[in-house]
Amino acid sequence: KHYDVVIIGAGGHGAAIAYHLAKYHGVTNIAVLDKSYLGGGNTARNTAVIRSNYLTDEGISFYRESVRLFANLSNELSYNIMYERRGQLTLAHSDAAIRNFRWRAEMNKHLGVHSELIDRAAIREPVPNLRMDENSRYPIIGGLWHADGATARHDAMVWGYMRGACSRGVELHQLTEVQDIEVVDGAVQAVRTNRGRVECGAAVQAVAGTSSLLAKMAGIRLPIHTFPLQAMVTQPYKPLLDPLVSSPHLHVYIQQTSRGEFVIGGGSDAYPLYNTRSTLEQKETLASGVLELFPFLAQTKILRQWAGITDMTP
């Protein structure tokens, strides 16, 4: 009937909050609620890229700590999240991109992140299958090499966090949808769910793309729009692409999993939607971009296409 903390959303953030409260702050009277199942939202739909090569002081510092956390997370949780430091290559197709990458590299180095601007010759070495034809539609003229770029299994991460939290007394309630939040004098008193009413000392929302809908239940209007973010994966190939490769100009990125599949993603859909459906239009956009970079994938078969929903500020 009552918990000190109710965490709404059993994804990566919700599970991590529960784990840290229980292990490092001694708060164990916690319920983690999810309308579906553990890690069933954006966490399981994540394309696994971990990086810190951003531009602003705040962005670089925040993600630098995130990368450090991920690097030690298997040891922290005693659970293998299959973390691999592979490096990320971001491609430049214009002089403007080169100037931006030079700026980003200097900001990264200033704040302790390993990034450097590299030329065409240096690009060929880690990615020999990349199309480097100067007569291509968008020739590659340089790149930003981010040595700290990595991948991990985000579903494994959430399982490890929740296992550690539950072993310390946290309760996980799946198939438990929050339908309303009771607020009295500016403080949350209780959460109403499809399985009953639960009083709480504090409530935490960790629901990613549906943040604005949940906050509205508490009378809070968030400046957030929700967009689907689609990705797809191909049939397996032998290992031939170690780094993560992305092209902001082509709105596409690609990485090869340990199973040999190529995971391909890009920008979000052009219009807001609370839906995880996939579209032929976005599949064609992603395929067009990735074939500019890796023409040999023209004959590959797409195994799956999916979407997450992202909460974006204006």
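Preceding this paragraph is the structure being described.
Notes on the structure follow. Being a predicted model, the structure only gives us computed values, none of them experimental.

In terms of helices and strands, the chain carries nine helices and 17 strands. Its C-alpha radius of gyration of 21 Å places the chain within 12% of the 20 Å reference for a compact globule of 314 residues. C-alpha extents for the chain along the principal axes are approximately 65 × 40 × 35 Å. In the chain, buried positions account for 46% of the 314 residues. For the chain, the centre of its 31 positive side-chain charges and the centre of its 29 negative side-chain charges are spaced 4 Å apart.

This part covers the sheet that holds strand β6 (residues 115-118). A sheet is described by the order of its strands in space; here eight strands give the open sequence β6-β7-β5-β14-β15-β16-β13-β17, paired in mixed fashion. Only two strands of the sheet have a single neighbouring strand rather than two, namely β6 and β17 (302-312). Sheet twist, expressed as the mean angle between neighbouring strand axes with direction ignored, is 20°. As paired strands, strand β13 (residues 225-234) and β17 are joined by ten bridges and run antiparallel to one another. Across the sheet, Thr-226 pairs through a bridge with Asp-311, a residue of β17. Together, β5 (88-92), β6 and β7 (142-146) form the strand contacts of helix α5 (residues 95-110), whose direction differs from that of β6 by roughly 150°. In the packing of helix α9 (residues 280-293) onto the sheet, the strands contacted are β5, β13, β14 (244-247), β15 (252-256), β16 (262-266) and β17, and the crossing angle to β13 comes to about 55°.

Before going further, it helps to spend a moment on the pattern of salt bridges. Between side chains of opposite charge, pairing is possible as soon as their charged atoms come close. On inspection of all chains with the given rule, the structure shows 14 salt bridges. With its nearest N and O atoms 3.2 Å apart, the salt bridge here joins Arg-64 to Glu-65. The residue Glu-261 makes a salt bridge to Arg-259 at a minimum N-O spacing of 3.3 Å. Here the salt bridges share partners, and the residues they tie into one network are Glu-182, Arg-192, Arg-197 and Glu-199.

Between the first and last C-alpha of helix α3 (residues 57-71) there are 21 Å, a value that for 15 residues agrees with the 21 Å anticipated at 1.5 Å per step. Where α3 is concerned, the buried positions are Gly-59, Ile-60, Arg-64, Val-67 and Phe-70. Seen end-on, α3 carries its buried residues on one side only, within an arc spanning 130°. Opposite the packed face of α3, turned more than 90 degrees from it, sit the exposed residues Glu-58 and Phe-62. Those residues of α3 that are buried are in contact with β3 (49-50), α4 (73-77), α5 and α7 (154-166).

A few words now on the sheet that holds strand β4 (residues 84-85). If you trace the three strands from one edge of the open sheet to the other, you get β3-β8-β4, paired in antiparallel fashion. Single-partner strands in this sheet number two, and they are β3 and β4. Strand direction decides the pairing type here: β3 and strand β8 (residues 150-151), joined by two bridges, are antiparallel. Directly across from Ile-50, in β8, lies its bridge partner Ala-150.

Rules used in this analysis
Per-chain numbering applies: the sequence of each chain, read as written, is numbered from 1 onward. Only residues with pLDDT of 70 or above have their local features reported here, since the model is predicted, and side-chain atom pairs are shown and tallied only from 80 upward, although totals for entire chains, interfaces and linings are computed over all residues. Excluding hydrogens and water, the side-chain figures rest on all heavy atoms present in the structure. Helical segments are the DSSP runs of H or I of at least four residues, strand segments are the runs of E of at least two, and each set is numbered from the N terminus. Here the globule rule is a power law, 2.2 Å times the number of residues to the power 0.38, and the radius of gyration is based on C-alpha atoms. Whether a residue is buried, partly exposed or exposed follows from its accessible area with a 1.4 Å probe, protein chains only, as a fraction of its type maximum: under 20%, in between, or over 50%, in that order. Counted charges follow a simple rule, with Lys and Arg positive, Asp and Glu negative, and His plus the chain ends left uncounted. Every charge is mapped to an atom, namely NZ of Lys, CZ of Arg, CG of Asp or CD of Glu. Strands are labelled as partners when DSSP assigns at least two bridges between them. A fitted line through C-alpha atoms serves as each axis, taken over the contacting stretch for helices, and the angle formed by two N-to-C directions is quoted from 0 to 180°. Contact criterion: two residues are considered in contact whenever any of their non-hydrogen atoms come within 4.5 Å of each other. Any Lys or Arg side-chain nitrogen found within 4 Å of a carboxyl oxygen on Asp or Glu counts as a salt bridge. Given a helix with a known number of residues, its expected span is that number minus one, times 1.5 Å. Throughout, the arc means that of the directions going from the helix axis to the C-beta atoms.

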